[in-house]
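# Notes for the structure review
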Amino acid sequence: MQQQAFSNTNLLLLAFTYLCYFGQIGVFIPYLGVFLDSRGFSSADIGQLTAVITLSRIVGPYMWALLADKSGKNLRTLQLGCLLSLATLSLVLVVDSFWGLTLVIGLMMMFSTAILPQIEVLTMSCIQGNSTRYGRIRLWGSIGYILLTIFTGMMIDAYSAEAPVIITLAVLFLLFVGSIFLLEPERLIASQQAQASIWHKILTPVFLCFLLSALLLQVSFGPYYGFFALYARDLGYSGQATGWLIAVGVIVEVGIFVIAGGVIKRCGVKWILVLSIGLTSFRWALLAAFPDNIYLLIISQMLHAFSFGMTHAASIHFIHQYFGKIFQSRGQAIYISVAFGIGGALGNFGAGSLWSQGEGAELTFWLASIAAFCAAICLLPISSKHMSTAP
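Since we're looking at a predicted model, the values are computed, not measured. (Residues numbered from 1 in each chain as written. Predicted model: local features only at pLDDT ≥ 70, side-chain atom pairs only at ≥ 80, totals over all residues. Heavy atoms only, no water.)

A count of helices and strands for the protein gives 17 helices and 0 strands. In terms of overall dimensions, the protein is globule-like: its C-alpha atoms have a radius of gyration of 20 Å, near the 21 Å expected for 391 residues. Referenced to the eigenvectors of the C-alpha coordinate spread, the extents of the protein come out at roughly 55 × 45 × 35 Å. Residue burial in the protein is summarised as follows: out of 391 residues, 59% are buried. Within the protein, the 14 negative side-chain charges are centred at a point lying 21 Å from the centre of the 18 positive side-chain charges. (Helix = DSSP H or I, 4+ residues; strand = E, 2+ residues; numbered from the N terminus. Rg over C-alpha atoms; globule rule 2.2 N^0.38 Å. Buried < 20%, exposed > 50% of the residue type's maximum accessible area, 1.4 Å probe, protein only. Lys, Arg positive; Asp, Glu negative; His and termini not counted. Charge placed at Lys NZ, Arg CZ, Asp CG, Glu CD.)

So, on to the pattern of salt bridges. Applying the stated criterion across every chain, the model contains 4 salt bridges. Its salt-bridge partner being R39, residue E162 comes within 3.0 Å of it at the nearest N-O pair. Remark: R39 occurs in the loop between α1 (2–38) and α2 (43–71) and E162 occurs in the loop between α6 (131–158) and α7 (163–180); sequence separation between them is 123 residues. Assessed through its relative accessible area of 26%, E162 is described here as partly exposed. (Salt bridge = Lys/Arg side-chain N within 4 Å of Asp/Glu carboxyl O.)

The next thing to look at is helix α15 (residues 304–323). Its 20 residues place the ends of α15 27 Å apart at the C-alpha level, agreeing with the 28 Å of an ideal helix rising 1.5 Å per residue. In terms of residue burial, α15 counts as a mostly covered element, since 18 of its 20 residues are buried. G324 sits one or two residues past α15 and shows a positive phi near 70°. (Expected span 1.5 Å × (residues − 1).)

Turning to unusual backbone geometry, a few remarks are in order. You will see that S356, though not glycine, has its phi angle at about 50°, which is positive. Tracing the backbone through its elements, the reader meets S356 in the loop between α16 (328–355) and α17 (361–379). Its relative accessible area of 37% is what places S356 among the partly exposed residues. Even without glycine at this site, Q357 takes up a positive phi of about 55°. With respect to the element layout, Q357 can be found in the loop between α16 and α17. A relative accessible area of 53% places Q357 in the exposed class.

A few words now on a nonpolar patch on the surface. Taken together, the side chains of L91, L93, V94 and I166 define a hydrophobic patch exposed on the protein surface, amounting to about 390 Å² of accessible area. Residue classification places L93 among the partly exposed residues on the basis of a relative accessible area of 45%. (Patch = residues over 30% accessible without salt bridge, like charges linked within 9 Å, V, L, I, M, F, W, Y side chains within 5 Å. Areas by Shrake-Rupley, 256 points an atom, 1.4 Å probe, with all protein chains shown as cover.)

The next thing to look at is the packing of helix α11 (residues 222–234) against α17. Helix-helix packing is characterised by the crossing angle of the two axes and by the distance between the axes. Two elements in contact, α11 and α17, have axes whose closest approach is 12 Å; the angle formed by their N-to-C orientations is 150°. Here α11 runs over α17; the crossing is left-handed. On α17, the residues touching P223, Y224 and Y231 of α11 are A361, T364, F365 and A368. Across the contact of α11 with α17, the residue classes tally to 6 nonpolar, 1 polar and no charged. (Axes fitted to C-alpha atoms, helices over the stretch in contact; angles between N-to-C directions. Left-handed = near helix turned anticlockwise from the far one by under 90°. Contact = heavy atoms within 4.5 Å. Nonpolar A, V, L, I, M, F, W, Y, C, P; charged D, E, K, R; others polar.)

The next subject is the confidence of the model for the protein. Of the residues in the protein, 91% have a pLDDT of 70 or more, and the chain-wide mean is 84. Between residues 1–6, whose pLDDT stays under 50, and residues either more than four places distant or in other chains, the model counts 1 contact. The low-confidence segment residues 188–195 (pLDDT under 50) makes 8 contacts with residues lying over four places distant or belonging to another chain. (pLDDT = per-residue confidence, 0-100.)

What follows is about the environment of H312. Residue position: H312 is located in helix α15. Residue H312 is classed as buried on the basis of its relative accessible area, which comes to 4%. Taking the C-alpha atoms as reference points, H312 and S276, separated by 36 residues in sequence, lie 10.0 Å from one another.

Looking now at the side chain of S142. In this structure, S142 sits in helix α6. At 3.5 Å, the side chain of S142 forms a polar contact with the side chain of R138. What S142 contacts, discounting residues up to four positions off in sequence, is V250, E253, V254 and F257. (Polar contact = N/O pair within 3.5 Å; in protein donor to acceptor, adjacent residues only side chain to side chain.)

Here it is in structure tokens:
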């Protein structure tokens, strides 16, 4: 009974950490372009700055994961990442130059890469790999994203474009406080196993195809993450309306996380990813071809449930099964480094180079659609069986 109480309390706290972590993502990432625009940066500057800071997600995840795996202290790594992210982002309030902001936000991004992989590992350890329970806990991240995205849009209208930074700092503080009360499950890993090489799992056709697909998917997200809020503003939407547009897809995403575990078991990781990434390609095509049609714009936003929600759930399930307990943190880190680090940097840099103050928006989203389509194609040669079991 006591163990059950520990488990339930820890799961509630993990749900809270998901809420805060993805809540601050929903504040900072969509509105970073608006914030930088208010400080006088051009679209090329914004693209270059976001590309440079995204590169920090290449080195950071593996460094933190190696520390967590070698020490066996995922929770301490999570807490340190929260504290350092909070401390570095606070410097944005006093730094205003291009390279100053690049350094500060880049450090914040690098420190924040310690957070999500450790939350994922702690959660999967607590629920013993149960993908259905994972979806029900992870949905709180989507709820946090929804609430804070809408709230931030309202605050931008009511106050200024500095609001995203203030709100992100407040949420990072709550995330750090919440992490203090988490408890770390026991990890029974023999020292010989802990020092085993991970490369025999990385250098396989299955994982390399998965990684290339994930990279191309994140390349396709470059225009959306970097410029959608500015795109919506240029189309005549207010900050509050933009917040609702960003949130509407995440609202549907909540439902996806509830059913994701059962759908993955029934359909398999491969076909869930192929379908979801294919719908992502269609989503970017809608944004390129029909940006003025509010109904199609809403439909494109609702497809975020597949673009992120289902692809994320399926990817985490694959990594957990593929790498097992010994390499979970490093497996997560490699995925984040390559997909979100390299892929995100390429997507942001490319979008910034093509955007041209909004004049290149249509072309940029068409190229994003092509990148997502290629990401789906990369998965087709893989056997469904090989994506459902560890090698």
